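Here are the chains, one letter per residue:
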Amino acid sequence: MTTEQTARFHRELTRHELVLRHLQVATVQRIAPDMVRLTVRGAELAGFVSNGAADHIKLFLPRPETGVITTPKDGNPAAVISRDFTPLIRETADGTELDLDFYTHVNPGPAASFALNAAPGSALVIGGPRGSRSFPSGVERLIVVADETAMPSASRWVADAPDDTEIFVIATVTGDGAWV
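Residues numbered from 1 in each chain as written. Predicted model: local features only at pLDDT ≥ 70, side-chain atom pairs only at ≥ 80, totals over all residues. Heavy atoms only, no water.

1. Here's the deal with the packing of aromatic side chains
Which entries qualify depends on this criterion: For this analysis, a ring pair means two rings from Phe, Tyr or Trp (six-membered ring only for Trp) whose centres lie within 6.5 Å, classed as stacked if their planes differ by under 30 degrees, edge-to-face if by over 60, and tilted for the remaining angles. Only DSSP runs of H or I covering at least 4 residues are called helices, and only runs of E covering at least 2 are called strands; the numbering of each starts at the N terminus.
Taken as a whole and judged by the stated rule, the model has 2 aromatic pairs. Pairing phenylalanine 85 with phenylalanine 102 gives two aromatic rings, centres 4.6 Å apart and planes at 50°, and the pair type is tilted. One end of the pair, phenylalanine 85, is in strand β5 (residues 82–85); the other, phenylalanine 102, is in strand β7 (residues 95–103), and 17 residues separate them in sequence.

Right, dumping it as structure tokens:
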């Protein structure tokens, strides 16, 4: 790649302070036959920043047998259950909300199991994002390829693209439900 090409697709990096935030599920929605959306809120979302399409957070989940959430700061790495998620951010009159979309696999793992059993008030902890990269400068066309698990990320890329960007999305989804 030439220096000119590298400059054309440069993505500015912004580092963020790593903060663990204790949050609660506000709403649970089945947005497609195999997708559950948890909207999470909490006072600790104050100051949350995620301004890059490829941003991800670490979601720390309660242990199924105890209901206790363990984070790396607790000193027991073997007890930590975590997964990476793309945060879908919304500003409301009540403050910042995050939508977290879960693909509910046939044999659900820890994250899908949590989503399937979550109710308003369920607790979780998030960490990050540690940094954000801006949308690439100079992009005229964007091709996004995603399966069910990557739909939140695909949504962020489409939403963050400049208005004059030509966008093509290739998505593989199962079932007859619509993605919202």
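Continuing now.
2. As for the environment of isoleucine 89
Rule in force here: Residue exposure (1.4 Å probe, protein chains only): buried if accessible area is under 20% of the type maximum, exposed if over 50%, otherwise partly exposed. Whether two residues are in contact is decided by their heavy atoms: any pair within 4.5 Å suffices.
Along the polypeptide, isoleucine 89 turns up in strand β6 (residues 88–92). For isoleucine 89, a relative accessible area of 31% translates into the label partly exposed. Taking the C-alpha atoms as reference, isoleucine 89 lies 9.1 Å from leucine 100; in sequence the two are 11 residues apart. Sequence-distant contacts of isoleucine 89, defined by excluding residues within four places in its chain, comprise Phe48, Ser50, Thr96, Glu97, Leu98 and Arg156.

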